[in-house]
Each structure stands twice: as structure tokens, then as C-alpha cells.
Amino acid sequence: MITAVVYSESGGTYKTTTTANLAVALTRMGLDVCVIDLDPQEGNLTSLFDVGTRRNDPDADNLVKHILGMPDGPFTDLIETSDEGVDVIPSHDMLSDFTSNLEQKIAYETGMKNMSKEDYPRYELLHNLLWNENQLHEQYDAVLIDPNARAEDLLYNAIFALRTLMAPVKPAGKGNLSLDGLDEMVANMSKELDIQIGLSCVVPSGIGQTNAHQQYHKQFQETDEFETPVAIAYRESLMDAMWEARGSAFKVIEERWKTFEEDGAMVSKPGYRRIRDRELETLRDICKLAAFIATETFDAEIASEVVVEIEGKGTERFSVGTKTEEVEVTTS
Ligand SMILES: Nc1ncnc2c1ncn2[C@@H]1O[C@H](COP(=O)(O)OP(=O)(O)O)[C@@H](O)[C@H]1O
Ligand SMILES: [Mg+2]
């Protein structure tokens, strides 16, 4: 079972983009994948994958009601399948009030049982919901979470439930490693939650051609402190088009989504994108990252290649090495 929280201390580090692309890559490697969206803000994975139509409806059943033990229906009814075959437990507005609702539950339950609030297992609720009450490990090969970095209770619940982190990082100003705090953070969380937390890998993302960015990338490649199986290049046009295609970078390229000016207005349409080698290279890097997490971190079995069928262009096959082999691109 693959379980990973896509973690970052700050926003805008391509967390949602990375989670979505990883989920689709793993699906294309033959795995059953579920993504849990814990971010209630606009521009989250739920809107990217075009699910969660009732995320603003307070009467709709949602994950928060289930975590707090007050569901309106069966857990499986929360799950929606995206166009690309990834199952999603969508975000809901109620995630914003999670802590205050949790505090009420804790006050009530500890009061009833005459127990200290500090003894309440506030970070174990998602773990119990996913693995004890609903046996998600029987349905899925991989569960990923896109958390909201600032929501401590939800983030800690996510980490307690999944135990493994992968961390996309963006080049910080003046090329310094913005990661000095990561080890410390993992240690603090392990201590606070009293569990072992693993760091699968760190993924420098949005790496451009400038000297500062290349230098930054090099620093990551050279460190022994953590694994950096790939860096994801700066690909604004490709990744932004995901929001038009409502899906992964694979979908953008396969359906050839492009944003352009037409009769004085900006439009986005499938069938127009020019396929560039560098964008195929980025898909290849995403596959390499997914394969690393699946096989190196978790010892899972995956298909030996990922097939990308490009509209009007034919097929690209990314062969995905098992363990330590390189991922190669062949064109047919
Ligand atoms: N490799 C990349 N290069 C350039 N822009 C990117 C890249 N990946 C994602 N983006 C863009 O950056 C913005 C923020 O990404 P997002 O994944 O939503 O970040 P987060 O979830 O960490 O807030 C989006 O507009 C996205 O399209
Ligand atoms: Mg996000």
C-alpha cells in the first residue's frame, strides 16, 4: 500500500499540481488510487479534477462529518471518480471550521467521560476512519492526501493516517535551500504524534534555466539528507492548462489543450497544443517520480510502461523501470 501526504510548509509550491499528476501516473501504472483533498480553498484538487459539486452545501454529507463521527450516509458515497479514473474524496467548506468543530466534540466527549482534553486522540480520527472503520487498504493500492498546510489539526490527522511525506519545493530567493527546516519538522511531528514519519523524497519543482535555479537544483541533487529522484522543470503553460483541461498534465498533452486569443478573447480548447519534447520530458519525470515512490519507497508492483495517446499524433510509451532502473522514453 502506497500512502503519501504531499507536504509543503508554504502555499503555491505546486502541491496540488504534483498530487494530481502523481495520482494519474500511478493510475496509469495499473494501481487503484484514491486522493483525499483536505484543502477547502479555491483552486484545490477538487476543482482541478472537476468533482465535489456539493462542496459549498452545508447539508451535503462530507468528509468532516465522517471524521467527527457524525456521517449522513455511507463513507463510499463520498468518493467520486474523476475523468481519468482517480477516485477523489472531495473538499468541502466545512474543512475550514474543522478545528472549532473538533474542539466542540472533544469538550463534549471528554466531559461525558470525565477525561482530560489532553488525553483525547485528536490526531487519530482520520486514521481510524480510513483504516479501521472503512478498510481503505482493501480497495486501493495508493492513497494520497493534498492537505492544507496551515490547518494543523487536519495536517496532523493526515500525517498520522499516512505516515509518509513527499515534499515538492520551489526555488527560494537567492538560491538557498529552503529545506533546512524539513528534517526538524519531521522530527517534531514524530515526537508530537509519537509515530515514525518517513520522508519519501523531496522534489525541486518549477526549476528554470537561470543560473540560480540550476544551482539550487544541484544543491538538492548533491545532498545525502534526502532522496531527490527528479526535479520538475518550470512548465507554466503545461501546468496552467491542467485547470482548463480539468485534469492532469497527461490529459493536457493527450487532448492537446491550449489557451490562446480568439476574436479578442482568451479561450482554451483541446486539439490545438503543439507537442513539445520538453513537455513530454516533464511527463517522463512525473512517471519517474511516481515509479520511485511506488517501488523504492513502498515496494509496490507497477506496470512496466505508461502509455500516452496523443490526439492526432500517435502513441508515446514511457517505460518505467522496476527498482533503480532508469525510466526511458521511446517514440513509436
Ligand atoms: N512546474 C511548474 N512550473 C510552473 N508553474 C507551475 C508548475 N506546476 C504548477 N504550476 C502552476 O503554479 C500554480 C500553483 O500551483 P498549485 O499546484 O495550485 O500550488 P499549491 O497547491 O502548492 O498552492 C498553478 O497555477 C499551477 O498551474
Ligand atoms: Mg493546493
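In this text the structure is predicted, and so the values were computed from the model without any measurement.

How each quantity is defined
- Residues numbered from 1 in each chain as written.
- Chains lettered and ligands numbered in written order.
- Predicted model: local features only at pLDDT ≥ 70, side-chain atom pairs only at ≥ 80, totals over all residues.
- Core = buried A, V, L, I, M, F, W, Y, C linked by C-beta atoms within 7 Å.
- Buried ≥ 20, exposed ≤ 12 C-beta atoms within 10 Å, placed from the backbone.
- Helix = DSSP H or I, 4+ residues; strand = E, 2+ residues; numbered from the N terminus.
- Contact = placed C-beta atoms within 7 Å.
- Near = placed C-beta within 6 Å.
- Nonpolar A, V, L, I, M, F, W, Y, C, P; charged D, E, K, R; others polar.
- Pairing = 2+ DSSP bridges.

Caption draft 1: A look at the nonpolar core. The biggest cluster of nonpolar side chains holds 85 residues, and the ones touching the most others in it are Leu 144 and Ala 290. Among the elements that take part in this core, helix α12 (residues 277–297) stands out by supplying nine residues, more than any other. Dropping the residues within four chain positions of it, Leu 144 is found in contact with Ala 4, Val 6, Thr 19, Leu 22, Ala 23, Val 33 and Val 35.

Caption draft 2: Quick peek at the site of ligand 1. Near ligand 1 you find 17 residues, and of these Tyr 14, Lys 15, Thr 16, Thr 17 and Met 239 are the closest. Within the residue set of the shell around ligand 1, elements represented by two or more residues are α1 (15–28), β7 (198–207) and α10 (236–245). By residue class, the composition of the shell around ligand 1 is four nonpolar, nine polar and four charged.

Caption draft 3: Focus on helix α7 (residues 152–162). Residues of α7 that are buried: Leu 154, Asn 157, Ala 158, Ile 159, Phe 160, Ala 161 and Leu 162. Arg 163 sits one or two positions beyond α7 and adopts a positive phi of about 70°.

Caption draft 4: Spotlight on the pairing of strand β2 (residues 33–37). With five of five residues buried, β2 is to be regarded as a mostly interior element. Residues of β2 alternate between two faces, with Val 33, Val 35 and Asp 37 on one and Cys 34 and Ile 36 on the opposite face, all of them buried. As judged from the five bridges shared by β2 and strand β5 (residues 142–146), these two strands associate in the parallel manner. Looking across to β5, one finds that Asp 37 is bridged to Asp 146. Bridge analysis of β2 against strand β4 (residues 87–89) gives three bridges, and the strand direction is parallel. Opposite Val 35, over in β4, you have Val 88 as the bridge partner.

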